[in-house]
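Each chain, letter by letter, is given below.
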Amino acid sequence: MSSNNKRDYYEVLGVSKDASEAEIKSAYRKQAIKYHPDKNPGDKEAEEKFKEAAEAYGVLSDKNQRARYDRYGHSGVGTSAASAGAGGFGGAGFPGFEDILGDLFGFNDIFGRGGRSRQVQRGADLRYDLEISLEDAAQGVKTKITVPRLENCTGCQGSGAAPGTSPINCPTCNGAGQVRYQQGFFSVSRTCSYCRGTGKTIKDPCQDCHGEGRISKEKTLEIKIPPGVDTGARLRVQGEGEAGIGGGPAGDLYVVIVIKEHPIFQRQDNDLQCTVSVTFSQAALGAEVAVPTLDGEETLKIGEGTQNGKVFRLKNKGMPALGGRGRGDLFVAINVVTPTNLNREQRRLLEELAKFDVKAPVQEKGLFDKVKDIFS
């Protein structure tokens, strides 16, 4: 299921976003018991809900994963959360499975409480919000960004073991990652608590990463922004997310574009709008006025008797379409400025002109209403 179609993890478990770890665990156990395949044989819907609950708990029970999810949603945890349910219905396939077995069959006293497995996992996807100017969005630009992330430790090459040594097979599970228990006619496998499901143990941990195999670093990347991008556009940089666990592949980096507010232009899709002020005499007599565009100033000829709020259209002076398919238009709204602080001669001339005034028509719509109509 794609991240766009996934339900909110808090909604899946039926808890609030400020729920405690204990509340999340309790909610997951109820869901898992209710929809467990052993209680619902052949029920595909129950099976899917069981997997969905396991995936939600796999993220929300981990502080780091939960913080990423709260900030970025499903894209922040990538596909690593989905891997929680990838193991079928065996013991290591779902988070907290040993606890659920205990609730289902009363085995907790036999099996105890196990830790989560540290198996091979894809690294988490990362998100970076990049703010650029409208001019950069129009022209396209190359820029450098610095991304904090977890990378494979160079000292141990991601193994977690000190240089010159290697992880060894776990003495408890003999490298299997699971321990099998027999209770009557039941035979159940459980994640090995000694090696946490990896099948390996580290006798001499790497001093740089303390046996984790990954360390926090910052990497500077050059990003190419194509012409025509708008706020919300996502650029995927493959393999530049966090390093995988246990040799798993790295996640991806998603650069999300945010266009800064422009002092002159307003944008809607690929069209731009701006307002140009003219004097009373220019509007009455007609004039050529300078209009700002993304390509520099253009000359616009306005006719005699131009009214306040009239909108002119300059074709192909808007934003380029993403992918190079044409260009939008620029809509110029005229704002007629009423003169103020008149001197004696200006007042005399206007009083003379006023003798020939005719009744002004009722203004049905204002300047911004007209511009809004054009854009819509």
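To keep things clear, this report deals only with the structure shown in the data block. (Residues numbered from 1 in each chain as written. Predicted model: local features only at pLDDT ≥ 70, side-chain atom pairs only at ≥ 80, totals over all residues. Heavy atoms only, no water.)

Below, the discussion takes up the nonpolar core. Ranked by internal contacts, the top residues of the largest apolar core, which has 37 residues, are Ile 257 and Val 291. Discounting chain neighbours no more than four positions away, the residues touching Ile 257 are Leu 130, Ile 132, Ile 225, Val 229, Asp 230, Thr 231, Gly 232, Ala 233 and Leu 235. (Core = buried A, V, L, I, M, F, W, Y, C linked by side-chain atoms within 4.5 Å. Buried < 20%, exposed > 50% of the residue type's maximum accessible area, 1.4 Å probe, protein only. Contact = heavy atoms within 4.5 Å.)

So, on to the pairing of strand 11 (residues 271–279). Across three bridges, strand 10 (residues 266–268) lies against strand 11 in antiparallel orientation. Directly across from Gln 268, in strand 11, lies its bridge partner Asp 271. A loop of two residues connects strand 10 with strand 11, the two strands running antiparallel in sequence, and Asp 269 in this loop sits at a positive phi of about 55°. Across eight bridges, the pairing between strand 11 and strand 15 (residues 330–337) is parallel. Its bridge partner lying in strand 15, Thr 275 is registered against Ala 333. (Pairing = 2+ DSSP bridges. Helix = DSSP H or I, 4+ residues; strand = E, 2+ residues; numbered from the N terminus.)

Strand order in the open sheet formed by three strands is 1-9-8, and the pairing between neighbours is mixed. In this open sheet, the two strands that pair with only one neighbour each are strand 1 (126–132) and strand 8 (234–237). When strand polarity is set aside, the average angle formed by the axes of neighbouring strands in this sheet is 25°. As judged from the seven bridges shared by strand 1 and strand 9 (residues 253–259), these two strands associate in the parallel manner. Each residue of the ladder has a partner; that of Arg 127, found in strand 9, is Tyr 254. (Axes fitted to C-alpha atoms, helices over the stretch in contact; angles between N-to-C directions.)

This part takes up the environment of Lys 6. Here Lys 6 shows up in the segment before helix 1 (9–13). Overall, the relative accessible area of 19% leaves Lys 6 in the buried class. A distance of 2.7 Å separates polar atoms of two side chains, one belonging to Lys 6 and the other to Glu 55. (Polar contact = N/O pair within 3.5 Å; in protein donor to acceptor, adjacent residues only side chain to side chain.)

By the definition in use, this model includes 21 salt bridges. Of the charged contacts, one joins Glu 47 and Lys 51 as a salt bridge, the two residues approaching to 3.5 Å between their closest N and O atoms. Separated by four residues within a single helix, Glu 47 and Lys 51 lie in helix 3 (residues 44–60), roughly one turn from each other. In this structure Glu 47 comes out as buried when scored by relative accessible area, which is 18%. On the basis of relative accessibility, which here comes to 29%, the residue Lys 51 falls in the partly exposed class. A salt bridge links Lys 317 to Asp 295, with the shortest nitrogen-to-oxygen separation between them at 3.9 Å. In this pair, Lys 317 sits in the loop between strand 14 (311–314) and strand 15 while Asp 295 sits in the loop between strand 12 (287–291) and strand 13 (298–302), placing the two residues 22 residues apart along the sequence. Several salt bridges converge on common partners, so that one network encompasses Arg 122, Asp 125, Arg 236 and Asp 252. (Salt bridge = Lys/Arg side-chain N within 4 Å of Asp/Glu carboxyl O.)

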